[in-house]
Amino acid sequence: MAQDKHYDVIIIGTGAGGGTLTYALASSGKSILVLERGDYVPREKDNWDSRAVNVEGKYQTKEEWRDKNGKPLHPHTNYYVGGNTKFYGAALFRLRKEDFGEIRHFGGVSPAWPVSYDDLEPYYLKAEKLYHVHGKRGEDPTEPAASGPYPHPAISHEPRIQQLSDDFERLGLKPFHTPLGLQLDEQTPHLSKCIRCDTCDGYPCLVDAKSDSQVVCVDPALRFPNVTLLTNAYVERLETNASGSEVSKVIVKRNGSTETYASSMVVVSCGAINSAALLLRSANDKHPRGLANGSDVVGRHYMGHVNSVLLALSKCPNPTLYQKSLAVNDFYFASKDWEYPMGHFSFVAKLDGVALSAGAPAIAPGWTLDLMAKHALSFWLTSEDLPDPNNRVTLYSDGTIVLEYTPNNEESHKRLTAKLKDLMKQQTKCGIHGYDCHEGLFARNLFLGDRIPLAGVAHQNGTIRFGKDPKTSALDVNCKAHEVDNLYVVDGSFFPSSAAVNPALTIIANALRVADHLKQRLGVQHAV
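Residues numbered from 1 in each chain as written. Predicted model: local features only at pLDDT ≥ 70, side-chain atom pairs only at ≥ 80, totals over all residues. Heavy atoms only, no water.

## A word on the packing of helix 1 (residues 16–26) against helix 10 (residues 504–521)
Link 1 in the chain: Following both chains from N to C, one finds helix 1 and helix 10 inclined at 40 degrees, their axes separated by 8 Å at the closest point. Relative to helix 10, the element helix 1 lies oblique. The handedness of the crossing between helix 1 and helix 10 comes out as right-handed. On helix 10, the residues that touch Ala16, Gly17, Thr20, Leu21, Ala24 and Leu25 of helix 1 are Ala504, Ile507, Ile508, Ala511, Leu512, Val514, Ala515, Leu518 and Lys519.
Link 2 in the chain: For the contact of helix 1 with helix 10, the class distribution of residues is 12 nonpolar, two polar and one charged. (Axes fitted to C-alpha atoms, helices over the stretch in contact; angles between N-to-C directions. Helix = DSSP H or I, 4+ residues; strand = E, 2+ residues; numbered from the N terminus. Parallel < 35°, antiparallel > 145°, perpendicular 65-115°, else oblique. Left-handed = near helix turned anticlockwise from the far one by under 90°. Contact = heavy atoms within 4.5 Å. Nonpolar A, V, L, I, M, F, W, Y, C, P; charged D, E, K, R; others polar.)

Spelled out as structure tokens, the structure:
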């Protein structure tokens, strides 16, 4: 049955941006409706089953998109309360201070942001506290200044990872502990929610110990009587008033019927791809190219990083259970090795033979998938891709999402990969096998080649960029649409550039910043 209710704020999506904003506004006393197209992730044994997660893709959406050639694209994305944070690796980096300014890359220019690092820094600190981030200031050579320590100590390295960290340091690098959002207490493990398992990165947490948006933001916000969550609520479109200056109705498809809601403020946080798609399919006479798209930038400048997973094999086994504790940023900016930025490398979760079977990687003679998994270090390499207006989200006439993307700035990633290979050849002499213990790096073909393919959209950003000029951006510096006075976007869409670290903490911090702005507009006292 159709409904027409009015709220102070409607938030569409419960991922890092929408979930955090919900939490930040929950105590305001304002009526808040949160719309999530999915449901809660079912708590079941399959949450931690490698075959269900990695091979069957049990929790991934079954919807089909298209690539630029019209070929089917099956996105590795998830529609649940908490969004993709339910499955992320919880690596929560701040962007570097320099990332907010213009940076020259071999492949082009990474543009400056309309806000500075200093504008976002207080919110980074709040975000780290809210998401229980573990880390240690002063280790990362590219780390920006912080106004306070991490709320929790760095997660310790297991012996094989500590050995690798020592080797990197011996080679002149400055390895550091990855900032991680886990509710882990290593001092009193019997009280710890996190059990330090090998089913974290890419898996939903069965014990709710990963700092995802549902656990740390949405569920606590729902304790307030003014916050309402509707699940299985797909937002078809946004309708405006006659002048096109405000969103007047949110049209929702839910349980087979259409429902209509209204609000003083509407906040979109569906992920950079789906948020752009929502604005595009909300086109009307006043906004013929899509809602808030007079600049024609909505859907354009899609970025998702140049990412690879590489396996480093040794004759000695790697017994590490949780290996994401180590990262290296020595090549994040220009260095003595190259005058341009290369990027960053850290780790993905330990891969097992089942996970590797999803793509049957090239196997060295004498190795099986299970043996490879037991003897491998699983590296994650990230380089910055640059905003290109032709890398974009569009729609077919039936509403099917089309994701057009041509990789760029690839030379930096090739050099980063070569640098890692060179470093691994210089590993400490093994007491059993000598320097021959290291077998080399192999591409993990779980995806296409060693690259994460177009369907791997975990780091999606850039499709509804913010800026000071309405001709070149869709949002202002507060992430409000230039052309629609009550419309905001708080997921990764607002990024003008992608940097080369995971975007989640920046999305979270920005949502806290936008929350303060919204509190002022809503007349909430003592906005902090």
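## Here's the deal with the packing of aromatic side chains
Link 1 in the chain: One pass over the structure, following the stated rule, counts 21 aromatic pairs.
Link 2 in the chain: Geometrically, the ring pair formed by Phe106 and Tyr340 is edge-to-face, given 5.8 Å between the ring centres and 75 degrees between the ring planes. One end of the pair, Phe106, is in the loop between strand 5 (103–105) and strand 6 (108–110); the other, Tyr340, is in the loop between strand 15 (326–327) and strand 16 (344–347), and 234 residues separate them in sequence.
Link 3 in the chain: Grouping aromatic residues by their ring pairs yields a cluster made of Phe100, Trp113, Tyr117, Tyr124, Phe466, Phe494 and Phe495.
Link 4 in the chain: Taking NZ or CZ as reference, Arg37 lies 3.8 Å from the ring centre of Tyr79, over its face.
Link 5 in the chain: The lysine or arginine in question, Arg137, covers the ring of Tyr150, its NZ or CZ lying 3.8 Å from the ring centre. (Phe/Tyr/Trp six-rings, centres within 6.5 Å; stacked < 30°, edge-to-face > 60°. Lys NZ or Arg CZ within 6 Å of the ring centre and 35° of its normal.)

## Description of the nonpolar core
Link 1 in the chain: Ile12, Leu35, Tyr131, Leu238, Val250, Leu475 and Leu487 are the most contacted members of the largest nonpolar core, which totals 113 residues.
Link 2 in the chain: Looking at this core element by element, the count peaks at nine residues for helix 10.
Link 3 in the chain: With residues near it in sequence (within four places) discarded, Val250 still touches Ile10, Ile12, Leu35, Val235, Arg237, Leu238, Glu259, Thr260, Tyr261 and Val266.
Link 4 in the chain: The next biggest cluster of nonpolar side chains, apart from the first, holds 20 residues, and it includes Leu164, Leu173, Leu420 and Met424. (Core = buried A, V, L, I, M, F, W, Y, C linked by side-chain atoms within 4.5 Å. Buried < 20%, exposed > 50% of the residue type's maximum accessible area, 1.4 Å probe, protein only.)

## Focus: the side chain of Asp330
Link 1 in the chain: Among the secondary structure elements, Asp330 is positioned in the loop between strand 15 and strand 16.
Link 2 in the chain: We note that Asp330 is buried and unpaired, the nearest opposite charge coming from Lys174 at a distance of 6.5 Å.
Link 3 in the chain: A distance of 3.1 Å separates a polar side-chain atom of Asp330 from the backbone nitrogen of Lys174.
Link 4 in the chain: Setting aside residues up to four positions removed in sequence, Asp330 forms contacts with Pro141, Gly172, Leu173, Lys174, Pro175 and Ser335. (Lys, Arg positive; Asp, Glu negative; His and termini not counted. Salt bridge = Lys/Arg side-chain N within 4 Å of Asp/Glu carboxyl O. Polar contact = N/O pair within 3.5 Å; in protein donor to acceptor, adjacent residues only side chain to side chain.)

## Side note on the pattern of salt bridges
Link 1 in the chain: Applying the stated rule across the entire model yields 22 salt bridges.
Link 2 in the chain: Each of Arg94, Glu121, Glu128 and Arg137 takes part in one network of salt bridges that share partners.

## Brief notes about the pairing of strand 12 (residues 247–254)
Link 1 in the chain: Alignment of strand 11 (residues 233–240) against strand 12, held across seven bridges, turns out to be antiparallel. Note that in strand 12 the partner of Val235 across the bridge is Val252.
Link 2 in the chain: In this antiparallel pair of consecutive strands, strand 11 and strand 12, the connection spans six residues, and Gly244 shows a positive phi of 80 degrees.
Link 3 in the chain: By the bridge criterion, five bridges tie strand 12 to strand 13 (residues 257–268) in an arrangement that is antiparallel. Bridge pairing in strand 13 places Lys253 opposite Thr258. (Pairing = 2+ DSSP bridges.)

## Topic: unusual backbone geometry
Link 1 in the chain: Positioned with a positive phi, Ala90 is a non-glycine residue whose angle comes to about 60 degrees.
Link 2 in the chain: Note on placement: Ala90 falls in the loop between strand 4 (72–73) and strand 5.
Link 3 in the chain: Exposure remark for Ala90: the relative accessible area of 1% places this residue in the buried category.
Link 4 in the chain: Notably, Asn255 is not glycine yet its phi reads approximately 55 degrees, a positive angle.

## Some thoughts on the sheet that holds strand 18 (residues 392–395)
Whether parallel or antiparallel, the strands of a sheet pair through hydrogen bonds between backbone atoms.
Link 1 in the chain: Here four strands make up an open sheet; going across it, the order is 4-3-19-18 and the pairing mixed. The strands lining the two open edges of the sheet, one partner per strand, are strand 4 and strand 18.
Link 2 in the chain: The pairing of strand 3 (residues 65–67) with strand 19 (residues 401–404) spans two bridges and is classified as parallel. Opposite Asp67, over in strand 19, you have Leu403 as the bridge partner.
Link 3 in the chain: Relative to the sheet, helix 6 (residues 272–280) contacts strand 3, strand 18 and strand 19, its axis offset from that of strand 18 by approximately 45 degrees.

## Some remarks on helix 5 (residues 213–221)
Link 1 in the chain: In terms of burial, helix 5 is largely enclosed, as eight of its nine residues are buried.
Link 2 in the chain: What helix 5 keeps buried is the set Ser213, Gln214, Val215, Val216, Cys217, Val218, Pro220 and Ala221.
Link 3 in the chain: Where helix 5 is buried, its residues meet helix 1, helix 3 (117–130) and strand 10 (227–230).

## Side note on the confidence of the model for the protein chain
Link 1 in the chain: Predicted confidence across the protein chain gives a mean pLDDT of 92, with 93% of residues reaching 70 or more.
Link 2 in the chain: In the predicted structure, residues 444–449 sits below a pLDDT of 50 and forms 22 contacts with residues beyond four places in sequence or in another chain. (pLDDT = per-residue confidence, 0-100.)

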